[in-house]
Amino acid sequence: MSDDKQNGSDIVDRAAVEVAQMALESNEDATAAPAASKVTAEDAGGKGAAPKKEENGTPKAAPVSIAAFKEQFKAFSKFGDTKSDGKHLTLSQSDKWMKQAKVIDKKITTTDTGIHFKKLKSMKLSFADYNTFLEDLAKTKKVELDEIKSKMANCGAPGIHNATPGKAAETVARLTDTSKYTGSHKQRFDETGKGKGIAGRKDLPDGSGYVTGYQHKNTYDKTH
């Protein structure tokens, strides 16, 4: 009789353990489901997903068109060198390109470009070597490589500058303002600022018949 009671208690205990285990597993599945759905939504990169960022929280630079960058490379490799085949770039041409693209500034100087250019031990760099030069420069100066290439790919044709009027333009404007002229220089222009030609440089004889200095010239009423 005691054995029957013992077997009965063992069956009850096992049943209780199985019920508890089933309840535990059910809770774990319910907890894991929302987390899994969240990961799936983020990984899907679907509508409303946040843009990918770098570790420091700043957005990554937009990808640069390799074709556009290569075309600029060819254009600047021929800039100032009519015999260039467009396949190699000198340090001087590179600096002109970077200055026009405003890559050379307070952070990246011509001293920096010279040091990194000469590391490749060549007076002219091929397109592949030039990319190596830029990668090394960007890494050393801690500047995003895509940012540098983007500026250089979109800076316009060689020699184009968006210059603003400066002191030189102001000086030219002042020197060409005839209203400020004095003395003999003033006599060389009329009231509108137009030059009088030889009449403004020499005293030509007056054949009108009037006495020199007469102030009422051409005012006489010819009807009388």
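Residues numbered from 1 in each chain as written. Predicted model: local features only at pLDDT ≥ 70, side-chain atom pairs only at ≥ 80, totals over all residues. Heavy atoms only, no water.

### A few points about the overall build of the chain
Here is step 1 of the chain: Scanning the chain from terminus to terminus reveals eight helices and two strands.
Here is step 2 of the chain: In the chain, the order of α-helices and β-strands from amino to carboxyl end is α-α-β-α-α-β-α-α-α-α.
Here is step 3 of the chain: Within the chain, the proportion of its 224 residues that are buried is 18%.
Here is step 4 of the chain: Within the chain, contacts between residues at least 6 apart in sequence are counted, and of these 54% link residues at least 24 apart.
Here is step 5 of the chain: Summed over its atoms, the accessible surface of the chain is roughly 17600 Å², and 55% of this surface lies on carbon and sulfur atoms. (Helix = DSSP H or I, 4+ residues; strand = E, 2+ residues; numbered from the N terminus. Buried < 20%, exposed > 50% of the residue type's maximum accessible area, 1.4 Å probe, protein only. Contact = heavy atoms within 4.5 Å. Areas by Shrake-Rupley, 256 points an atom, 1.4 Å probe, with all protein chains shown as cover.)

### A few points about the confidence of the model for the chain
Here is step 1 of the chain: Summarising the model, the chain shows a mean pLDDT of 74, and 46% of its residues fall at 70 or more.
Here is step 2 of the chain: A low-confidence stretch, residues 35-51 (pLDDT under 50), is modelled with one contact involving residues beyond four sequence positions or located in other chains. (pLDDT = per-residue confidence, 0-100.)

### Description of the side chain of Asn131
Here is step 1 of the chain: Turning to its location among the elements, Asn131 is positioned in helix H5 (residues 127-141).
Here is step 2 of the chain: Classification of Asn131 by relative accessible area gives buried; the value is 12%.
Here is step 3 of the chain: Beyond its immediate sequence surroundings of up to four residues, Asn131 is in contact with Phe69 and Lys149.

### So, the packing of aromatic side chains
Here is step 1 of the chain: In total, this model carries nine aromatic pairs according to the counting rule given.
Here is step 2 of the chain: Between Phe69 and Phe127, the ring centres sit 5.9 Å apart and the planes meet at 55°, which makes this aromatic pair tilted. In this pair, Phe69 sits in helix H2 (residues 66-77) while Phe127 sits in helix H5, placing the two residues 58 residues apart along the sequence.
Here is step 3 of the chain: Residue Phe69 is classed as buried on the basis of its relative accessible area, which comes to 2%.
Here is step 4 of the chain: Between Phe73 and Tyr130, the aromatic rings sit 5.6 Å apart at their centres with planes inclined by 55°, giving tilted as the arrangement. Placement of Phe73 in helix H2 and of Tyr130 in helix H5 is noted, with a sequence separation of 57 residues between them.
Here is step 5 of the chain: Of the aromatic side chains, those joined through ring pairs into one cluster are Phe69, Phe73, Phe76, Phe79, Trp97, Phe117, Phe127, Tyr130 and Phe133.
Here is step 6 of the chain: The ring of Phe69 carries Lys149 above its face, with NZ or CZ at 5.4 Å from the centroid. (Phe/Tyr/Trp six-rings, centres within 6.5 Å; stacked < 30°, edge-to-face > 60°. Lys NZ or Arg CZ within 6 Å of the ring centre and 35° of its normal.)

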